[in-house]
Every structure is written in structure tokens, then in C-alpha cells.
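Listed below are the residues making up each chain.
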Amino acid sequence: MATSEKQVMTGIERKGDSPVYKWPAHPRAKVDEFGIEPPLGDIQREFQQTLRKFAVEVMRPIGQKLDRMTAEEIIAEDSPFWEFRRKYLDLGIQLSDLAEMEPEERSQMFCILFEELGYGDGGMAISVAAGMLPQYLSMIFGNEFLMERFPQDMLGCWAITEPDHGSDTLDPNGMIRHPGAEYGRPNTVAKFQGDKIVINGQKSAWVSNGTIAECCILYCAADMGDGADYSNGCVLVIPLDLPGISRGKPLEKLGQRGDPQGELFFNDVEVSTDYLLAGPEDFQRAVYSIHAEANALMGAIWTGAARAAYHMAHAYAHERKQGGVPIYRHQLVAYKLFHMFRQVEASAALTRRVVHYNQAADLPALQAAMIAKVTATDMAFDVASDAIQIFGGNGVTHEYPVEKIMRDCRSSMIEDGANDVIALKGGYYLMDEDLL
Ligand SMILES: Cc1cc2nc3c(=O)[nH]c(=O)nc-3n(C[C@H](O)[C@H](O)[C@H](O)COP(=O)(O)OP(=O)(O)OC[C@H]3O[C@@H](n4cnc5c(N)ncnc54)[C@H](O)[C@@H]3O)c2cc1C
């Protein structure tokens, strides 16, 4: 304890030459609402608190209403979804502002943003995240035409999976393809014809924001004049009001109902090559980068959703009495809460570390983003399920919010790549060719 810096360490004072802890006789520290994170700077703290308020006061009540509405009602003009979208835009969060920050600050803001949105409502958080992917990827690829053409408040979507191609669209280099398997006929093809591109086909009903998005980052097979081939794919960022584009029926589904999903159909849709973000030579890079970004986002969102379930179970365990005591006093409830807390914190720590690592790296590590995604989503489902257990019979009723969180979390284990497929592919990304 020689340096003066150490003398001002929080919780320690000096008596002569010795450090003395200022702790109470029976210490018990409260953990911050945002979890075990070293103190945030003023800007980050304000950002987190603003978003927490938004999550609890705006997203949660709207998310609960949307959860009880039909898929058609959710996207109708008078739906509370639009109130959420307006209020989110009013927060004035701009990707370009985040991009200007140093990697450490940027990664902190990124995790705060998506953890807090996930804390409010997982489905609506996904709608925001998917909604910014066309602009985000245009920015990463430094395409100024597309950045100007698609302002950041335009609602976007990411269309990659197809009725006949789910897991394999996230494996365009065939790393985990079954031996001897072929990709097969692509469902969506962009035909290059001089300075124009003509798109035909359809994307799956899973496209987040598919029924309402104004623009789309479209991953599809490219036909350069010698036939369509997904291993020669391309990426376009296009407006969704072009002639020849139509949408499928809004998708009815288990959870994440605040993320309106649906098919996109393309019938001789023409765009100029200005709308091309990545041609066949850049296709692998474009899949890699969107997968790395999206998996990291997933890590943060589902950590936030799990934290919400944990907080709800924690509060309920103090209110609900059995045998004359709050159920918290029954040892197995305290034990379960401890493990829920442990898992949420482990996932938060991992995700924050991965996001920081990838933001600071010249090339983000996809396997790092994948461990954040798989850890957070598997953990969120387990924590939400434990929350139901703590709520007892109340946990499975619509009166209480935890069963909705569990349904939301279940879908997250498939979206952005099924966790088993991600783990398989992630395993191959660990391969060191020098050792083979
Ligand atoms: C909530 C949600 C949101 C989504 N959002 C979007 C979106 O915004 N845009 C978009 O384009 N798509 C989106 N998707 C689609 C999602 O990416 C796919 O559902 C996912 O990639 C799996 O594809 P699939 O459903 O076709 O399953 P399949 O690929 O048919 O897989 C079915 C099962 O087979 C297993 N399997 C498949 N291939 C392999 C293999 N090679 N090795 C081992 N096992 C294998 C899988 O693990 C899985 O268990 C979303 C999905 C969900 C659930």
C-alpha cells in the first residue's frame, strides 16, 4: 500500500501507514441493476438509465399487449407496435455516433443498448436490431451511396434464409455440409444484366420485420450469366417499395411476437448495380461479418431478457409466502436464484468481453460471437424456465410475465442460426490448419 492511488481506493481509508476497510461489521453489498460491471462513465450511466426506463415503461407494457394480439393486428396501423417504434426513434440513437467512438466505449454502449432493449422485450429488441442491419452493414462496408440512400431511421430487415435453405445459408463455404451434399436450387436469385440486377424468388417466413420493413439487406444467389449458384452469392441493399416486391402473411408463432416476421417475394424486381453491397467476390466476407455482428447482438439481447426473468423471480420470491415465510426463505428457492444470477452474470461478462474484443480487432472472430450467442440464448431459456418454477402455478399463466419470456427465449435458440449448427460450425472455426 505504498502509492497514493491505492490510498483512495473505494471502501478503504488509511490509518497511519495501514489501510483500513470502511466496511460495516456485517457486510452485504447490493449489485447494480445493470449487473456486475465496473462503474460506468457518466455518459454510459445516463444511457443505461434512459434505456432501462424505456425498457420498463414503454417496451414491457407494449410487448405484453402485442403478445396477446394476432400477427395481423400487431402490424395494423393502430397497433401499439408503432408507438414503440416512434418512441424508440425519439431516443435518437444513431449508429454513426457509435461508430465514431473508441472500441472500448463503443462496445460498452452497444452492450448497454441491446441488453436493455432485451430487458424490455426480446422480440421488439430483435426488431430494432434487425431493423438497423442494412445500414450497419453498409457502414461496415463503407458504401456511401447506400448509407445516404437508407437513412438510419428507415426500418430494415435481413433476408437470408429461404423456404428450402435455413442452416445452409449461414454456411456458404460448406464447412459443415454433409459429405456429398449439394446446396440445391436456390429460392432467390439475382441475375446480373449489365448495369442492372433482376431479382426473382422468395425468402422464408422468418425474416424479422419482413412484413413491415422499408428496406432490406438481401443475401441471395447470384447469376452472372452462367446460372444461379449460392456459392457465388451476392448482397444487395434495396428499398422494399419497388415494383414486383410483395409480402407474405404475418407469421403466427410461439414467442417474440413483437418482432413481426414474414416472407418476401420478388417478381422481376429491377435495381441498378448501385444497390449491390457485395458481389460474389465479397460474398463470404459479407456473410461472415453479418453473422459476427448478429450473433454478438443476440448475446446482449438475450442476456438482457434473462436478467429481466431473474429480477422478476427475485421480486416474486420476496412477495409470495408459503408456510408463513416468503418463498425466498425456502433454501431451494435461494439456491435457484443464486444459479440464475450466476448464469446471467456469466453470460453478460462473456458477451461484453466478446463485443469489446471484436470491436477492437481488425477482423472480428466469428467463433467469439458464436459463443456469446449460444451461451446467452441457452442460458436465457434455462433462466426463464427456472423463473417459471419460482412463480409456481402462477408462472404458467398469462397473468404473469415469465412464461412469455420463456417463449421468447426458446425462439432465440434457433434464430440467427440454430445453436447446434452454430456450435458445429464454431468448432470448425477453432481449427488450426498448422496443427493438421
Ligand atoms: C425468431 C426467429 C427469427 C429469425 N429471423 C430471421 C431473419 O431476420 N432473417 C432470416 O433470413 N432468417 C431469420 N430466421 C431464420 C433462422 O435463421 C433459421 O430458422 C435458422 O437458421 C434455422 O434454419 P431452419 O429453420 O430452416 O432449420 P433447418 O436448417 O431446416 O434445420 C432444422 C434442424 O436440422 C439441423 N440441421 C440443419 N442442417 C444441419 C447441419 N448441416 N448439421 C447439423 N444439423 C443440421 C438444425 O440444427 C435444426 O435442428 C429467424 C428464425 C427465428 C426462429
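Parameters and conventions
Residues numbered from 1 in each chain as written. Predicted model: local features only at pLDDT ≥ 70, side-chain atom pairs only at ≥ 80, totals over all residues. Heavy atoms only, no water. Pairing = 2+ DSSP bridges. Helix = DSSP H or I, 4+ residues; strand = E, 2+ residues; numbered from the N terminus. Domains from an automatic or database assignment. Contact = heavy atoms within 4.5 Å. Buried area = accessible area lost by both parts, 1.4 Å probe. Buried < 20%, exposed > 50% of the residue type's maximum accessible area, 1.4 Å probe, protein only. Lys, Arg positive; Asp, Glu negative; His and termini not counted. Salt bridge = Lys/Arg side-chain N within 4 Å of Asp/Glu carboxyl O. Polar contact = N/O pair within 3.5 Å; in protein donor to acceptor, adjacent residues only side chain to side chain. Near = heavy atom within 4 Å. Areas by Shrake-Rupley, 256 points an atom, 1.4 Å probe, with all protein chains shown as cover. Nonpolar A, V, L, I, M, F, W, Y, C, P; charged D, E, K, R; others polar. Patch = residues over 30% accessible without salt bridge, like charges linked within 9 Å, V, L, I, M, F, W, Y side chains within 5 Å. Charge placed at Lys NZ, Arg CZ, Asp CG, Glu CD. Phe/Tyr/Trp six-rings, centres within 6.5 Å; stacked < 30°, edge-to-face > 60°. Lys NZ or Arg CZ within 6 Å of the ring centre and 35° of its normal. Arc of directions from axis to C-beta. Axes fitted to C-alpha atoms, helices over the stretch in contact; angles between N-to-C directions. Parallel < 35°, antiparallel > 145°, perpendicular 65-115°, else oblique. Left-handed = near helix turned anticlockwise from the far one by under 90°.

## Some points on the pairing of strand β9 (residues 264-272)
Reasoning step 1: Strand direction decides the pairing type here: strand β5 (residues 196-203) and β9, joined by seven bridges, are antiparallel. For Lys-196, the partnering residue across the bridge sits in β9 and is Ser-272.
Reasoning step 2: Bridge analysis of strand β8 (residues 245-247) against β9 gives three bridges, and the strand direction is antiparallel. In the strand pairing of β9, Arg-247 is matched with Leu-264.

## Side note on the domain arrangement of the protein
Reasoning step 1: Each assigned domain of the protein is listed with its residue range as follows: domain 1 (42-134), domain 2 (156-283) and domain 3 (285-435).
Reasoning step 2: Here the C-alpha centroids of domain 2 and domain 3 sit 29 Å apart.
Reasoning step 3: Across the contact, 19 residues belong to domain 2 and 20 residues belong to domain 3.
Reasoning step 4: For the pair domain 2 and domain 3, the summed buried surface comes to about 1,800 Å²; carbon and sulfur atoms form 64% of the total.
Reasoning step 5: Taken as a group, Leu-170, Ile-176 and Gln-256 account for 35% of the area that domain 2 buries against domain 3, more than any other trio of residues on that side.

## Points about the side chain of Arg-60
Reasoning step 1: Within the secondary structure, Arg-60 sits in helix α2 (residues 42-67).
Reasoning step 2: One buried charged residue, Arg-60, forms no salt bridge at all, with the nearest opposite charge on Glu-116 at 7.5 Å.
Reasoning step 3: Only 3.0 Å separates the side chain of Arg-60 from the backbone oxygen of Tyr-119, close enough to count as a polar contact.
Reasoning step 4: The residues touching Arg-60, leaving out its near neighbours within four places in the chain, are Ala-55, Tyr-119, Gly-120, Ala-308 and Met-312.

## Here's the deal with the site of the ligand
Reasoning step 1: As a structural note, the neighbourhood of the ligand is formed by 22 residues, with Trp-158, Thr-161, Ser-167, Gln-261 and Asp-420 the closest of them.
Reasoning step 2: One of the side-chain nitrogen or oxygen atoms of Thr-161 is found 2.8 Å away from a nitrogen atom of the ligand.
Reasoning step 3: Here Trp-206 contributes a backbone N or O atom positioned 3.0 Å from a nitrogen atom of the ligand.
Reasoning step 4: Expressed as a share of its isolated accessible area of 970 Å², the protein-covered part of the ligand is 69%.
Reasoning step 5: If you list the elements that add at least two residues to the shell around the ligand, you get β3 (156-159) and α14 (419-429).
Reasoning step 6: It is α14 that provides the largest number of residues to the shell around the ligand, a total of three residues.
Reasoning step 7: For the shell around the ligand, the residue count by class is 11 nonpolar, eight polar and three charged.

## So, unusual backbone geometry
When glycine is set aside, most residues are seen to have a negative phi, and most peptide bonds are trans.
Reasoning step 1: Located in the positive-phi region is Gln-256, a residue other than glycine, with phi close to 50 degrees.
Reasoning step 2: What makes Gln-256 buried here is its relative accessible area of 3%.

## Focus: the environment of Ser-96
Reasoning step 1: Of note, Ser-96 is situated in helix α5 (residues 95-99).
Reasoning step 2: Classification of Ser-96 by relative accessible area gives partly exposed; the value is 26%.
Reasoning step 3: Setting aside residues no more than four positions away along its own chain, Ser-96 makes contact with Met-139 and Gln-152.

## As for a negative patch on the surface
Reasoning step 1: Among the surface-exposed residues, Glu-72, Glu-73, Glu-77 and Asp-78 lie close enough to one another that they form a single negatively charged patch.
Reasoning step 2: What makes Glu-77 exposed here is its relative accessible area of 81%.

## Digging into the packing of aromatic side chains
Reasoning step 1: Inspection of the entire model under this criterion finds 15 aromatic pairs.
Reasoning step 2: Taken together through their ring pairs, the aromatic side chains of Phe-54, Phe-81, Trp-82, Phe-84 and Tyr-88 make up a single cluster.
Reasoning step 3: Arg-52 extends its terminal NZ or CZ atom over the ring of Tyr-119, reaching a point 3.8 Å from the ring centre.
Reasoning step 4: Taking NZ or CZ as reference, Arg-410 lies 5.7 Å from the ring centre of Phe-381, over its face.

## Notes on helix α4 (residues 80-90)
Reasoning step 1: All buried positions along α4 are accounted for by Pro-80, Phe-81, Phe-84, Arg-85 and Tyr-88. Along the axis of α4, the buried positions cluster into a sector of 150 degrees, meaning they face one direction only. Turned more than 90 degrees from where α4 packs its buried face, Arg-86 and Asp-90 sit exposed.
Reasoning step 2: Contacts from the buried residues of α4 go to α2, α3 (71-75), α6 (103-120) and α7 (122-131).

## Brief notes about the packing of α6 against helix α11 (residues 331-360)
Reasoning step 1: The interhelical angle for the contact between α6 and α11, taken along N-to-C directions, is 140 degrees, at an axis separation of 8 Å. Here α6 lies oblique to α11, going by the angle between them. α6 and α11 meet at a crossing whose hand is right-handed. Facing Pro-103, Glu-104, Arg-106, Ser-107, Phe-110, Cys-111 and Glu-115 of α6, the residues of α11 in contact are Ala-348, Thr-351, Arg-352, Val-355, His-356, Gln-359 and Ala-360.
Reasoning step 2: Class assignment for the residues of the contact of α6 with α11 results in six nonpolar, four polar and four charged.

## Topic: the pattern of salt bridges
Reasoning step 1: Considering all chains together, one arrives at 19 salt bridges under this definition.
Reasoning step 2: One salt bridge in this structure joins Arg-68 and Asp-67, with 3.2 Å as the shortest N-O distance.
Reasoning step 3: Looking at Arg-68, the relative accessible area reads 47%, which means it is partly exposed.
Reasoning step 4: For Asp-67, the salt bridge identified is with Arg-407, shortest N-O distance 2.7 Å. Here Asp-67, found in helix α2, pairs with Arg-407, found in helix α13 (residues 402-412); they are 340 residues apart in sequence, far enough to count as distant.
Reasoning step 5: Connected via shared salt-bridge partners are Asp-67, Arg-68, Glu-403 and Arg-407.

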